[in-house]
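Residues per chain are reported as follows:
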Amino acid sequence: MLELLLGGTRLGLLPQRAALLIDHATLLVADAHIGKAVSFRSLGVPVPRGTTTQTLQRLSDAVAASGARRVVFLGDLLHSAHAHAPATLDAFAQWRRRHADLELLLVRGNLDDRAGDPPASLRVTALDEPWRLGAIELCHHPQTLPNAYVLAGHLHPCVVLGGRAGQRLRLPCFHFGANQGVLPAFGDFTGMHAIRPAPGERVFAIADDRVMALPVPAAPTLTL
């Protein structure tokens, strides 16, 4: 886990594409999109199976690695109403039983409005954004709020790295600006949006099960 400070708040970045508010033992997970594959299959689109199982296993790995006592989903937990399919909810319910002591909260995102809140049996407390924890405002949509640093999701950020032979590699990343930070999409079978960090912004890419800091873009030099 790579640790950094955001306005005095300790944040740990995990290679499982999640972040830990260390002093609150709270794991942050953005854009899990559970049930996205079954939603596509319901439309006749042939997509891989097993993505929900993979996502939930990585969530278990992140909980174990971080020692979190609470998980806050930063929006888009369930992809659509089709995510309420019995097999998908059963997989989620089995995961919940294995982590019965965890507190689960959902800061609703745009897809949660259409998918609906998770069933009460999963014991996920659903809230509207923003939800404040210490000095941090937790949201789904990146935004600027007074007297707080915002952590959000929604954008599925990634960086594109190039090699000498002209190859291109897209890596999910954490992207931190002066007033807000965006987490990578947690779920499997989710798209990514390439970012162009501004001078002074920090980017941490995830590759080979590790988090690595990328060079900070320099501010342009003024010529007088």
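Residues numbered from 1 in each chain as written. Predicted model: local features only at pLDDT ≥ 70, side-chain atom pairs only at ≥ 80, totals over all residues. Heavy atoms only, no water.

A few points about the sheet that holds strand 1 (residues 2-6)
To keep it simple, the criterion reads: Strand pairing is defined by DSSP finding a minimum of two bridges between the two strands. Secondary structure elements are defined from DSSP: runs of H or I of at least 4 residues count as helices, runs of E of at least 2 residues count as strands, and each element is numbered from the N terminus. For helices, the fitted line uses only the C-alpha atoms of the stretch in contact; every axis is such a line through C-alpha atoms, and the angle between N-to-C directions lies from 0 to 180 degrees. Residues count as neighbours in contact if any of their non-hydrogen atoms are within 4.5 Å of one another.
Taken in spatial order, the seven strands make up an open sheet running 1-2-3-4-5-6-7, and their pairing is mixed. Each edge of the open sheet is held by one strand with a lone partner, namely strand 1 and strand 7 (124-127). Adjacent strand axes in the sheet meet at a mean angle of 25 degrees when their direction is disregarded. Judged from the three bridges that link them, strand 3 (residues 18-21) and strand 4 (residues 26-29) form a sheet pairing that is antiparallel. Residue pairing in the sheet places Leu20 in a bridge with Leu27 of strand 4. The sheet contacts of helix 2 (residues 51-66) involve strand 2 (9-14), strand 3, strand 4 and strand 5 (70-73), and relative to strand 4 the element is tilted by about 150 degrees.

Comments concerning the state of the cysteines
Cut-off, in case you're wondering: The disulfide definition used here is simple: a pair of cysteine sulfur atoms within 2.5 Å.
If you walk through the whole model with that rule in mind, you get zero disulfides. With no disulfide of its own, Cys158 lies 6.4 Å from the sulfur of Cys173, the closest cysteine sulfur.

Quick word on the environment of Asp23
Operational definition: Pairs of N or O atoms within 3.5 Å make up the polar contacts considered here, provided that, within protein, one atom can donate a hydrogen while the other can accept it, and that residues adjacent in sequence are counted only when both atoms are side-chain atoms.
Relative to the helices and strands, Asp23 is located in the loop between strand 3 and strand 4. Taking C-alpha positions, Asp23 is 7.9 Å from Thr9, a pair spaced 14 residues apart along the chain. Among the polar contacts made by the side chain of Asp23, one reaches the side chain of Arg10 at a distance of 2.6 Å.

With respect to the pairing of strand 3
Operational definition: With a 1.4 Å probe rolled over the protein chains alone, any residue whose accessible area is under 20% of its type maximum counts as buried; one over 50% counts as exposed, and the rest are partly exposed.
A two-sided burial pattern is seen for strand 3, the buried positions comprising Ala18 and Leu20 on one face and Ala19 and Leu21 on the other. Where strand 2 lies against strand 3, four bridges are found, and the strand directions are antiparallel. Opposite Leu14, over in strand 3, you have Ala18 as the bridge partner. What sits between the antiparallel neighbours strand 2 and strand 3 is a turn of three residues, in which Arg17 has the positive phi angle 70 degrees. Between the antiparallel neighbours strand 3 and strand 4 lie four residues, among them Ala25 with a positive phi of about 50 degrees.

Observations regarding unusual backbone geometry
The residue after Glu129, namely Pro130, is reached through a cis peptide bond having omega -5 degrees. Its identity as a non-glycine residue notwithstanding, Asn147 has a phi of 60 degrees, on the positive side. Position of Asn147 among the secondary structure elements: in the loop between strand 9 (136-138) and strand 10 (149-152). The phi torsion at Asp208 lies on the positive side, around 55 degrees, for a residue other than glycine.

Let's talk about helix 2
Here is the rule: The span expected for a helix works out to 1.5 Å for each residue beyond the first.
Helix length check: helix 2, at 16 residues, gives a terminal C-alpha distance of 22 Å against a target of 22 Å (1.5 Å per residue), a fit within 8%. Restricting attention to buried positions, one finds in helix 2 the residues Thr51, Thr52, Thr55, Leu56, Arg58, Leu59, Ser60, Ala62, Val63 and Ser66. Where helix 2 ends, the next residue or the one after it, Gly67, has phi of about 70 degrees, a positive value.

Here we look at the environment of Leu105
Inspection of the secondary structure assignment puts Leu105 in strand 6 (residues 103-107). A residue is classified by how much of its surface remains accessible, and Leu105, at 4% relative accessible area, is buried. Along the chain, Leu105 and Ala126 lie 21 residues apart, while their C-alpha atoms are 5.8 Å from each other. In contact with Leu105, other than residues within four places in its own chain, are Arg70, Val71, Val72, Phe73, Val124, Thr125, Leu127 and Trp131.

What to know about the packing of aromatic side chains
Worth spelling out the cut-off: Aromatic rings from Phe, Tyr and Trp, taking only the six-membered ring of Trp, are treated as a pair when their centres fall within 6.5 Å; an angle between ring planes under 30 degrees marks them as stacked, one over 60 as edge-to-face, and anything in between as tilted.
If you walk through the whole model with that rule in mind, you get three aromatic pairs. The interplanar angle of 65 degrees and the centroid separation of 6.1 Å between the aromatic rings of Phe92 and Trp95 together place this pair among those described as edge-to-face. Here Phe92 pairs with Trp95, and both are found in helix 3 (residues 86-98), just three residues apart, close to one helical turn. Aromatic pair Phe176 and Phe204: ring centres 5.9 Å apart, planes at 70 degrees, arrangement edge-to-face. Taken together, the positions of Phe176 in strand 12 (residues 168-176) and Phe204 in strand 15 (residues 202-207) put the pair 28 residues apart, joining distant regions of the chain. The exposure class assigned to Phe176 is buried, which follows from its relative accessible area of 1%. Members of the aromatic cluster, connected to one another through ring pairs, are Phe174, Phe176 and Phe204.

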